Structures are given as C-alpha cells and as structure tokens.
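What the coordinates show
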Amino acid sequence: MSAHLAVLVLSTTIGVLAVIVLLRSGQEGERRTRTVDPGLPWRAGAGILAASIVVGGSGWLLPALVVGAMVWHGVGRWQRRDRGRVDDIERTDALA
C-alpha cells in the first residue's frame, strides 16, 4: 500500500467519523449514561488483529475490513453466549 493510499484511507475514515459525531451531537432528548462493555477491548483487538493480518498477507483493504467486522461480530456473539439463553427445561415448561 502506497503512502498516498494510506493517507486517503485515513482521511476518509476521519471525515466519516467527524460527520457521525456532528450528526449525533445535535440529537436532543433524554440523555442516558453510557456504560462501557467490558468485552469491547477484546472485540476491537481481535477485529483489528484479523484485519491487519489480512492486509499484511494480501494487501487488500476491503476484504480485510470484512474479515475484521466478521471477527468483531463473532467474538461479540461468543462473549454473549450464556446471556439470555433459555434452557431446554424452561422451554418445555413454557410450551406445556
């Protein structure tokens, strides 16, 4: 990846993030306190690591972003695997 392409990708990402921040800051209504998900650093780290491996191996940016997003989603599903799950006995009792 050339330096010009890296600068283009970085500036595009910063521009998109700036637009998102500007649009979200104008919303009014009830303000909620935000709690940080404890699994967020692990998801982000795994997604960034997978994307950088793909970029380093192939040099293709779009497939790397897709793989990073898939790893992000997969790690998030794995972290929430026990929350909100109904056991078989409870499901059978609910159907009876």
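Above this text sits the structure in question.
These figures come from a predicted structure and were not determined experimentally.

1. Some words on the overall build of the protein chain
Each helix and strand in the protein chain was counted, giving four helices and zero strands. Ordering the α and β elements of the protein chain from the N terminus gives α-α-α-α. For the protein chain, the proportion of its 96 residues judged to be buried stands at 8%.

2. What to know about the packing of helix α2 (residues 40–58) against helix α3 (residues 61–79)
Axis angle and axis distance: for two packed helices, these are the angle between their axes and the distance between the axes, and together they describe the pair. Running from N to C, α2 and α3 cross one another at 150°; their axes reach a closest spacing of 8 Å. The orientation of α2 relative to α3 falls into the category roughly antiparallel. For the pair α2 and α3, the sense of crossing is right-handed. The residues of α3 that touch α2, namely those facing L40, W42, R43, A44, A46, G47, A50, A51, V54 and V55, are L61, P63, A64, V67, G68, V71, W72, V75, G76 and Q79.

3. Side note on α3
Between its first and last C-alpha, α3 extends 27 Å over 19 residues, near the 27 Å set by a 1.5 Å rise per residue. Buried within α3 we find A64, G68 and G76. Burial along α3 is one-sided: seen end-on, the buried residues are contained in an arc of 105°. Among the exposed residues of α3, those oriented more than 90 degrees off its buried face are L62, M70, R77 and W78. Contacts from the buried residues of α3 go to α2.

4. Topic: a nonpolar patch on the surface
Together, L61, L62, L65, V66 and M70 give the surface a local cluster of nonpolar side chains, amounting to about 490 Å² of exposed area. Positionally, L61 belongs in helix α3.

5. Concerning α2
Taking 1.5 Å per residue, 19 residues should reach 27 Å; α2 reaches 27 Å between its end C-alpha atoms and fits that length. Residues of α2 that are buried include every one of R43, G47, A50 and A51, and no others. Take α2 and look down its axis: the buried residues cluster within an arc of 95°, on one side only. The exposed set on the far side of α2, more than 90 degrees from its buried face, consists of P41, W42, I48, L49, I53, G56 and G57. On its buried face, α2 sits against α3.

Each value, and the rule that gives it
Residues numbered from 1 in each chain as written. Predicted model: local features only at pLDDT ≥ 70, side-chain atom pairs only at ≥ 80, totals over all residues. Heavy atoms only, no water. Helix = DSSP H or I, 4+ residues; strand = E, 2+ residues; numbered from the N terminus. Buried < 20%, exposed > 50% of the residue type's maximum accessible area, 1.4 Å probe, protein only. Axes fitted to C-alpha atoms, helices over the stretch in contact; angles between N-to-C directions. Parallel < 35°, antiparallel > 145°, perpendicular 65-115°, else oblique. Left-handed = near helix turned anticlockwise from the far one by under 90°. Contact = heavy atoms within 4.5 Å. Expected span 1.5 Å × (residues − 1). Arc of directions from axis to C-beta. Patch = residues over 30% accessible without salt bridge, like charges linked within 9 Å, V, L, I, M, F, W, Y side chains within 5 Å. Areas by Shrake-Rupley, 256 points an atom, 1.4 Å probe, with all protein chains shown as cover. Salt bridge = Lys/Arg side-chain N within 4 Å of Asp/Glu carboxyl O.

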